[in-house]
Amino acid sequence: MSELAALDRPRLVVRLADGSVHERAVTGPGHHDVGPLVVALTERAGGWAWQVAVPGAEPVAVASVAVAWDAGPAGDDPRLFSNGYQSWTSSRVRRLGVDVDPSLVAPVPALVRETHHADPSVAQVGELRSELVTVVATDRPGDPLLLVGFLAGAEHDGTIRARLDGGRVALSAEAFLGGAVLGAGEARPLHPVVLARGEQAPELLADWAAAAGAVGRARTGAPYQVGWCSWYQWFHAITEQVLRENLALAAEWPFEVFQLDDGYQHAIGDWERTDASFPSGIEAVADAIAGEGRTPGLWLAPFLAAPGSDVAVAHPDWVVRHGSGRPLVGMVNEHWGGHVHVLDTTRPEVLAHLESTAAALVAAGYPYLKLDFTYAPSVTGRYADPSQTPAQRVRAGMEALRRGAGERTFLLGCGLPIGAGIGVVDGMRIGADVAPHWDLRPGQYAPGGYAENEPATLNAFRNTLTRSWMHRRLWLNDPDCIMLRTAGTGLTPEEARTWGLTVAASGGMALVSDDLSLLDAESRRLLDEVVHLGRSVDEAALDGPTARCRDLLESPTPTALTGAGWALEVGVDPVSASLR
Ligand code: 9PG
């Protein structure tokens, strides 16, 4: 049966950039006038296809186009899997009538909402959201779970909204265009929406990911990654000398990738030029790493530019403007000198710059690039081409980087919107940063409802379980780095072990971020265990099931992950892991 015709009381809802909302009930497929737009709905196996057009003689700036419907009685425990917008965004079960959208918890700077949702506006009271895909449960006997998902996210974002309405669940699948201006007479296809029913959320999500991966030509074939990364030991204070010392100590360690993180660059935006901490320059560092038989890896935040960077000074017109006329702020970081700006990926010159930057870094010896803070062009601002959606702006930048880097370079997405990354990146950070502590530290920056997105190993742990089904369907999951050290860290040995085994049980990338001089034979045994288990889970996911989180829809922070004949159970207080 057609899913479209089976929807209960479907409505089309169009929001325009001027704040006006236009709604109409529909009975099924066809062309429907909604305000100044025509929305064409077509039946499609398992869901619907749609497009939006401007019939009139005036362009229309469109915030979103949605199909809303009544999804049936709410039951005793209505809830949904709430997938986060980008790499770092918390992804977990949220309960209707109990939990609130993070934007409603407390006022936060607009940039926090810009960073962690497709739609940066504050949610409606009572509404919960999931990005790109969701699974809805009601706990009524006999009711299957319902998956709702967009089949792609490259041309626009997709937000599923849920709320209670008189004891029933009201859902909407919203194509988010972010104010993109559609020209007179223009017709734009929207990403198809699929609905699926089943008993197990991880299976439904893995099947959706396989379908979205096929549509988006996901890059799922890179080898399992084992490596070393500078960030979670030295942070911005990494130096060339320390990197070289660790390279020398790595001789007996099984690292393939040796990745230099933030801290080497002249300024945010200037990636080929080092500061005083790396006197030999990036090429000599790559030579040293390659000379030890490792793959050189390099971090950059390609879409950001500090006000004093060479790129921003030479090309002030490449920097996006905020509505106020001032340069748009894409991130604030005291280690970077405060505010940094966003490069306008709707400008061909900027895309050419991104392409040549990626090509230059590969030519300098880095076939592995960690592309960070890549949500930046999704932030609302005055871009040169107002016809592009936020997702298209991110996607155009990512595709330029891929063109420059070439097909054989391993690109790791970080801070990247999930939908825009499919088909471009080989690996994807799927959770918040780890840290040398389990919970948030007292006094740590944790704005309103967004504390779960901030650096803490617990926050990385949560998404590693709840997004394990993405692995080898959309890319290789990067759960973030393992920390093996037991000295000079706020992690107990049991917490460090629990995190390492979680990375392993997910089958995801295994990068170590420690000063190797702090590690002993016990650390080495743990890494060997992690890599052995991780490889087997990863291999199973290649042509069979991904690791599965059994309590995905039960607990806000699940504790059970199974795959390749292994079962990991994590205790929470105190943190401990058991593996069977
Ligand atoms: C380098 C780091 C590491 C890390 C990335 C990313 O919101 N914030 O203030 C925020 C700061 C840093 C951050 C994420 C968010 O971490 O995930 O692995 O590369 O950048 O600066």
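Up top you'll find the structure we're talking about.
All of these numbers come straight from a predicted model, not from anything done at the bench.

Colleague: Run through the sheet that holds strand β21 (residues 329-333), naming residues and quoting values.
Modeller: Here 3 strands make up an open sheet; going across it, the order is β20-β22-β21 and the pairing antiparallel. Pairing within the sheet leaves two strands with one partner each, and these edge strands are β20 (304-305) and β21. Judged from the 4 bridges that link them, β21 and strand β22 (residues 338-342) form a sheet pairing that is antiparallel. In the strand pairing of β22, Val332 is matched with His339.

Colleague: So what about the site of the ligand? Which residues, and what values?
Modeller: In the vicinity of the ligand there are 14 residues, among which Tyr232, Asp261, Asp262, Lys370 and Asp433 approach most closely. Measuring from an oxygen atom of the ligand, one finds a side-chain N or O atom of Lys370 at 2.7 Å. Counting atoms within 2 Å of the grid points, the majority share of the ligand lands in the largest pocket. Counted by class, the shell around the ligand contains 8 nonpolar, no polar and 6 charged residues.

Colleague: Lay out the layout of surface pockets in plain terms, naming residues and giving numbers.
Modeller: Put simply, the largest pocket is a space of about 1000 Å³. As for the largest pocket, its lining consists of 38 residues, and the residues nearest its centre are Met331, Asn333, Phe373, Glu454 and Pro455. Among the residues forming the lining of the largest pocket, the class breakdown is 22 nonpolar, 8 polar and 8 charged. Each of domain 1 (3-216) and domain 2 (226-300 + 348-378 + 386-546) gives at least three residues to the lining of the largest pocket.

Colleague: Any chance you could break down unusual backbone geometry for me, citing the residues and the numbers?
Modeller: The linkage connecting Asp573 with the following residue, Pro574, adopts the cis geometry, with an omega of 0°. You can see Pro574 is positioned in the loop between β30 (566-572) and β31 (575-579). Phi is positive for Asp139, which is not a glycine, with a value near 65°. Mapped onto the elements, Asp139 comes out in the loop between β10 (133-137) and β11 (145-150). Backbone geometry places Ala564, a non-glycine residue, at a positive phi of 50°. Of note, Ala564 is situated in the loop between β29 (560-563) and β30.

Colleague: Tell me what's going on with empty space enclosed by the protein, and back it up with residues and numbers.
Modeller: All told, the structure shown has 2 cavities of 30 Å³ or more when counted by the stated rule. Put simply, the largest cavity is a space of about 70 Å³. Lining the largest cavity we find Tyr85, Ala118, Glu131, Leu132, Gly153, His156, Asp157, Gly158, Pro417, Ile418 and Gly419. Counting residues per element, the ones that place at least two in the lining of the largest cavity are β12 (157-165) and α10 (418-421). Here the lining of the largest cavity is composed, by residue class, of 5 nonpolar, 4 polar and 2 charged. Here the lining of the largest cavity spans two domains, and each of domain 1 (3-216) and domain 2 (226-300 + 348-378 + 386-546) adds at least three residues to it. In terms of lining, the second largest cavity is formed by Cys229, Gln259, Tyr368, Lys370, Leu412, Asp478, Asp480, Cys481, Met509 and Leu511. Of the residues in the lining of the second largest cavity, the class split is 6 nonpolar, 1 polar and 3 charged.

Each value, and the rule that gives it
Residues numbered from 1 in each chain as written. Predicted model: local features only at pLDDT ≥ 70, side-chain atom pairs only at ≥ 80, totals over all residues. Heavy atoms only, no water. Pairing = 2+ DSSP bridges. Helix = DSSP H or I, 4+ residues; strand = E, 2+ residues; numbered from the N terminus. Near = heavy atom within 4 Å. Polar contact = N/O pair within 3.5 Å; in protein donor to acceptor, adjacent residues only side chain to side chain. 1 Å grid on protein atoms, 1.4 Å probe; cavity = no way out; pocket = protein on both sides within 12 Å on 5 of 7 lines; lining within 4 Å. Sits in = over half its atoms within 2 Å of the grid points. Nonpolar A, V, L, I, M, F, W, Y, C, P; charged D, E, K, R; others polar. Points joined across faces, edges and corners; volume = space filled by probe spheres on them. Domains from an automatic or database assignment.

All we've got here are geometric facts, nothing functional implied.
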